[in-house]
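What follows is the residue order along each chain.
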Amino acid sequence: MSIRDQVHHYISETFLFGDGGKLKDDDSLSSSGFVDSTGVIELVAFLEQTFDLRIEDDEIIPENLDSVQRISTFVEARQKGLEVPKLNVTFM
Amino acid sequence: MKGSDVQGTPREQFDAAREVERLSGWIRASVQQSLKKRGVVIGLSGGIDSAVVAALSVKALGAGRVVALGLPERDSSPQSLVLARELAERLGIEFGVEDITAGLEGMGAYRRRDEAVRRLFPDYEPGMPFKITLQSTPLADNRLNVFSLTLIRAGGEEESKRLGPQEYSQIVAASNMKQRLRMTMLYYHAERRNYAMAGTGNKNEHEMGFFVKHGDGGADLMPIIHLFKTQIYMLAHALEIPAAIIERAPTTDTYPAEVTQEEFFFRIPFGVMDAIWQESENGATPEELAVRFALAPEQVERVVADIRSKKNGTAFLRMPALRFDSLAHEAAAAGSEELGRSGRTA
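Below you will find a few notes about this structure. Owing to the predicted nature of the structure, the values given are computational and were not obtained by experimental measurement.

Calculation criteria
- Residues numbered from 1 in each chain as written.
- Chains lettered and ligands numbered in written order.
- Predicted model: local features only at pLDDT ≥ 70, side-chain atom pairs only at ≥ 80, totals over all residues.
- Core = buried A, V, L, I, M, F, W, Y, C linked by C-beta atoms within 7 Å.
- Buried ≥ 20, exposed ≤ 12 C-beta atoms within 10 Å, placed from the backbone.
- Helix = DSSP H or I, 4+ residues; strand = E, 2+ residues; numbered from the N terminus.
- Domains from an automatic or database assignment.
- Contact = placed C-beta atoms within 7 Å.
- Axes fitted to C-alpha atoms, helices over the stretch in contact; angles between N-to-C directions.
- Parallel < 35°, antiparallel > 145°, perpendicular 65-115°, else oblique.
- Left-handed = near helix turned anticlockwise from the far one by under 90°.
- Nonpolar A, V, L, I, M, F, W, Y, C, P; charged D, E, K, R; others polar.
- Pairing = 2+ DSSP bridges.

Let's shift gears to the nonpolar core. Residue and element names in this part refer to chain B. In this structure, Val 40, Val 52, Ala 54 and Ala 68 are the most contacted members of the largest nonpolar core, which totals 83 residues. No other element matches helix α3 (residues 48-61), which puts ten residues into this core. Three or more residues apiece are contributed to this core by two domains, here domain 1 (2-105 + 170-318) and domain 2 (109-169). If we ignore the near neighbours within four places in the chain, the residues touching Ala 68 are Ile 42, Leu 44, Ala 54, Ala 84, Ala 88, Ile 93, Glu 94 and Phe 95. Counting 18 residues, the second largest nonpolar core, distinct from the first, contains Met 208, Phe 210, Val 304 and Ile 307.

As structure tokens, then:
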């Protein structure tokens, strides 16, 4: 299964009880209301275990995790050792 | 941070003295006419919310119809009980202490929580202070809501690790037994006297889901649940609540190490949050609020988004038990709306 398919499958099984037809790759997970407050950490745990990654605290941002598309892009980049978006500390 | 010096709308337009009168009248009518009870029982945490509810209840019913309980357990700050007792004396109400440690031990609350902590920190021993904090900081950056556990070792050395879903859920579920057991004890005392149980939740907590369902969320009446934290401070001044209670930083008083409500959950000073929240409910845009509160529009957007995401993510806490027939009523209502639109009657 491709990265995208594994991610789509996990989200649809975990949050949509298998009803994956509703989930488009660029749907915002936070705006959709599918993913609740513990959903983020469940998703992070799934990604770490499935793709053998250590996701840093400053990578847990909407740019990397807010849609199937963004998650797939993030995982691919991490697997290839490429730069990924990190926490944007703009105000002290 | 300029935002933390903000004085927002809730303070300017709120008439505390009038609200005191209004709420006292409402408590009296609720207890006597709606609930048909003889008085109220209140859990006093030593914090400002329960102090305000107690003072309002005394105004509404008289000191002879208000009973207060302190409900400490092993991890409670001793200061909580001291402040609660002083307030009860000041108000002239009966005050009792029910220590729920043994009950929690019997239910395995500490054991179940500690097991999860030990999975994260294998050297954790019961008695070592730890706290849970939320990493997000909507005013500063765009990180998502993730919790960390901070262990404080002998000598004061602190170590923090991000909580995984199993550990987080187990720690919260076991810790929630504290609030639920308090509810159980308060209802014992209320029912024994044929009294009602007054809850002490406020709007910030309730709408953002910072409460335990059927724990501190369980009560017969909720006199201040419609009020922002900043408005509750104004009521406290109007009711002459002791300064020590007003000045104490809101605390969770749940974990073995002191953690403020701001560190644990809200992440934004109440003055800033309440002002932005209320104005945005009134239709103000992020740009307008940014100018008003000397913040950047992105900061305001993140605060509003954070409030919205916490509300949406915790909607289940505010739902009463779902019933099949409520769906049937909705379907019937939708059907009759459609008939109405087409001009036909049912």
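Turning our eyes to something else, we now look at the packing of helix α13 (residues 286-293) of chain B against helix α14 (residues 297-313) of chain B. Residue and element names in this part refer to chain B. Direction vectors running N to C along α13 and α14 enclose 115 degrees, while the axes themselves pass 8 Å from each other. Of the possible angle classes, the one that applies to α13 and α14 is roughly perpendicular. The hand of the α13/α14 crossing is right-handed. Two secondary-structure elements touch here, α13 through Pro 286, Glu 287, Leu 289 and Ala 290 and α14 through Pro 297, Val 300, Glu 301 and Val 304. Of the residues in the contact of α13 with α14, the class split is six nonpolar, no polar and two charged.

Along an α-helix, a turn takes 3.6 residues, which lines up residues three or four apart on a common side. Residues and elements named next belong to chain B. Taken across its ten residues, helix α9 (residues 229-238) has eight buried, putting it largely inside the fold. The set of residues buried in α9 consists of Lys 229, Thr 230, Gln 231, Ile 232, Tyr 233, Met 234, Leu 235 and Ala 236. Directly after α9, the chain includes Glu 240, whose backbone phi takes a positive value near 55 degrees.

Residue and element names in this part refer to chain B. Pairing of strand β5 (residues 147-152) with strand β6 (residues 158-162), which is carried by five bridges, proceeds in the antiparallel orientation. Note on β6: the bridge partner recorded for Leu 149 is Lys 161. If you look at the hairpin formed by β5 and β6, you'll find five residues sitting between the two strands, and Gly 155 has a positive phi there, around 95 degrees.

All names here are of chain B. Within the open sheet, the four strands sit side by side as β3-β2-β1-β7. Their pairing is parallel. Only two strands of the sheet have a single partner each, and these edge strands are β3 (94-97) and β7 (196-197). In this sheet, strand β2 (residues 66-70) lies alongside strand β1 (residues 40-43) in parallel orientation, the contact comprising four bridges. Opposite Ile 42, over in β2, you have Ala 68 as the bridge partner. Contacts from helix α4 (residues 78-91) reach β2 and β3, with the element oriented near 165 degrees to β2.

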